[in-house]
Amino acid sequence: MFAKRTNWNLAPNRLSQALAAHRASGKPLIDLTVSNPTECGFAYDSEAILDALRNPAALKYEPNPKGLECARRAVAEYYAEKRADVAIEDIILTTSTSEAYSFVFRLLCDPGDEVLIPAPSYPLFDFLADTLDVKLTRYPLLYDHGWVIDFHALEQSITPRTRAVIVVHPNNPTGHFTKTSEVAKLNDLCVSRRLAIIADEVFLDFALNEAPCATFAANSRALTFTLSGLSKISGLPQMKAAWLVASGPQPARAQALERLEVIADTFLSMNAPIQLAMPAFLEQRHSFQKQLLARLRRNLAELDRQLATHRVCTRLAVEGGWYAILRIPATRSGNDLAIELLNSQGISVHPGHFYDLPAEGYLVISLLAPEANFGEGISRLLGCLEQD
Ligand SMILES: Cc1ncc(COP(=O)(O)O)c(C=O)c1O
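To keep things clear, this report deals only with the structure shown in the data block. Since we're looking at a predicted model, the values are computed, not measured. (Residues numbered from 1 in each chain as written. Predicted model: local features only at pLDDT ≥ 70, side-chain atom pairs only at ≥ 80, totals over all residues. Heavy atoms only, no water.)

**A few points about empty space enclosed by the protein**
Vacant regions in the atomic arrangement are exposed by a probe of water-molecule size rolled over the atoms. What counts, and what does not: The way it works is a 1 Å grid over only the protein atoms, where trapped points that fit a 1.4 Å probe form a cavity and open points with protein on both sides within 12 Å along at least five of seven lines form a pocket, and then any residue with an atom within 4 Å of a point lines it. Grid points are joined across faces, edges and corners, and a volume is the space filled by probe spheres set on the points. Classification convention: Asp, Glu, Lys, Arg as charged; Ala, Val, Leu, Ile, Met, Phe, Trp, Tyr, Cys, Pro as nonpolar; all other residues, Gly among them, as polar.
Counting across every chain of the model gives 1 cavity of 30 Å³ or more. In this model, the largest cavity occupies a volume close to 40 Å³. In this structure, the largest cavity is lined by Pro-118, Tyr-139, Leu-141, Ile-149, Val-167, Val-168, Asn-171, His-176 and Thr-178. Here the lining of the largest cavity is composed, by residue class, of 6 nonpolar, 3 polar and no charged.

Next comes the structure, spelled out in structure tokens:
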């Protein structure tokens, strides 16, 4: 009765079963996987946020496939602050970055066409690709005191059916930015092989060092789609507001936008109140990002303080984003360790294989948890590893 593309194994795995049982028992949990910013104790300006949703202009329906101009102007201003000149005609609003991916996959790929994704990276791509009949091919990121793209392997992965290369900038969970020299190589490769670049920048504003990193939104050599949204930038995932920016050479960019407009027009998925509120929601990013960056830096410092007295665990270099990767002894499977940490210590962590890291020897932790929880969680985690 159902399409093969939905033949997923939907049985809960052992870790998710253990987590559900732990929550059902009412036992306390320190969640070191938390990624929902609305549950991490940040102070939001609730009045400004709710006021923005009371705009009388929302009583009128003015369908615009690319999204209302006032919202797109606010997005263009966001990029102008980053010294990237983005025209509002080159922006299309979507309800999520995931939806923006789906528009771009629909634009570029016939069923069975291929898109290159980094490994490690975050797990959503598989489901997106399945639902859109796209085949994913992974290209490796290599770690040596920091992460780099393995360009040789990336080039080897290209086939006649490859349509695009995805970069997550900075990547989740490695937290590394695509460097200027890598952007140049990517452009060379994509121009010569007629591929598009899809740049996911949802974590762009969360650089842990002082120097801000350049956006792909003004990348002009290869056809480029830059994706971002309010769920991370302003910490407002519940508002469902995101966008894509098309850049690159003409006429490809104009042709891409014409076709994307038809895809967007087919769904018209943005609603009026949220679009009208987008300028105010984007404004909220300043206060949110200040709090969040302070939290990330404090938690990372606490992690390093505790790691300094433990020999069995180290952390990989991180340049930005909300996560850190821990290197641990590969004595048992990541799932077994995560279940043991849950049952014996009441802490939840992600095994590295969730993110395409090698199955053993890595844990991914979120740096978002409130400081006291985070410090206690790390202390329990390291204590348990020492006993192994
Ligand atoms: C790298 C990356 N891109 C996109 C998303 C999804 O963003 P959105 O909520 O806008 O769909 C996530 C969510 O965690 C993410 O980690």
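There is more to say, and it comes next.
**Considering the sheet that holds strand E4 (residues 135-143)**
Just so we agree on the cut-off: Any two strands are treated as partners once DSSP identifies two or more bridges connecting them. By the criteria applied, helices consist of DSSP H or I runs no shorter than four residues and strands consist of E runs no shorter than two, each listed in order from the N terminus. Interaxial angle, 0 to 180 degrees, is taken between N-to-C directions of lines fitted to C-alpha atoms, where a helix line uses only the stretch in contact. The contact definition used throughout considers only heavy atoms, calling two residues in contact when any of these lie within 4.5 Å.
Judged by pairing direction, the sheet is mixed, and its 8 strands sit side by side in the order E2-E9-E8-E7-E6-E3-E4-E5 without closing on themselves. Both outer strands of the open sheet, strand E2 (91-94) and strand E5 (147-149), are each paired with one neighbouring strand and no more. For this sheet the average axis-to-axis angle between neighbouring strands, irrespective of direction, equals 25°. Together, strand E3 (114-119), E4 and strand E6 (162-168) form the strand contacts of helix H5 (residues 124-131), whose direction differs from that of E4 by roughly 160°.

**A look at the sheet that holds strand E13 (residues 350-351)**
With respect to topology, 4 strands assemble into an open sheet ordered E10-E11-E14-E13, the strand pairing being antiparallel. The outermost strands of the open sheet, each flanked by one partner alone, are strand E10 (314-315) and E13. In this sheet, strand E14 (residues 362-366) lies alongside E13 in antiparallel orientation, the contact comprising 2 bridges. Within E14, the residue paired with His-350 across the bridge is Val-364.

**Describing the site of the ligand**
As a reminder, the rule being used: Nearness is defined per residue: one heavy atom within 4 Å of the molecule or strand is enough. We call two N or O atoms a polar contact when they sit within 3.5 Å, provided that within protein one can donate a hydrogen and the other can accept it, with sequence-adjacent residues counted only if both atoms are side-chain atoms. For every accessible area listed, the method is Shrake-Rupley and the probe measures 1.4 Å; residues are considered covered only by the protein chains on display. For a cavity or pocket, the test is whether more than half of a molecule's atoms lie within 2 Å of its grid points; if they do, the molecule sits there.
Every residue near the ligand is listed here: Ser-96, Thr-97, Ser-98, Tyr-122, Val-168, Asn-172, Asp-200, Val-202, Phe-203, Ser-231 and Lys-232. Between the ligand and the protein, one listed contact pairs an oxygen atom with a side-chain N or O atom of Thr-97 at 2.6 Å. Computed on the free molecule, the ligand has an accessible area of 400 Å², of which 85% lies beneath the protein chains in the complex. Given that more than half its atoms are within 2 Å of the pocket grid, the ligand belongs to the largest pocket. For the shell around the ligand, the secondary-structure elements that each account for two or more residues are helix H4 (97-108) and helix H8 (230-233). Its residues placed into classes, the shell around the ligand shows 4 nonpolar, 5 polar and 2 charged.

**Description of the environment of Pro-140**
Among the structural elements, Pro-140 can be located in strand E4. When the C-alpha atoms of Pro-140 and Ala-272 are compared, they prove to be 41 Å apart, with 132 residues separating the residues in sequence. Beyond its immediate chain neighbours, meaning those up to four positions away, Pro-140 contacts Ala-119, Val-148, Ile-149, Asp-150 and Ala-153.

**Let's talk about the pattern of salt bridges**
Opposite charge on two side chains lets them pair, provided their charged atoms get close. Quick note on the threshold: Salt bridges are defined as contacts in which a side-chain nitrogen from Lys or Arg sits within 4 Å of a carboxyl oxygen from Asp or Glu. Throughout this description, buried means an accessible area under 20% of the type-specific maximum (1.4 Å probe, protein chains only), exposed means over 50%, and partly exposed covers the range between.
In the structure shown here, the tally under the stated rule is 20 salt bridges. Where Arg-285 meets Glu-81, a salt bridge forms, and the shortest distance between an N and an O atom there is 3.0 Å. Note that Arg-285 is positioned in helix H11 (residues 285-307) and Glu-81 in the loop between helix H3 (69-80) and E2, a separation of 204 residues in sequence. Among the residues examined, Glu-81 registers a relative accessible area of 56% and is labelled exposed.

Note that every value here comes from positions in space, so none of it alone points to a role or purpose.
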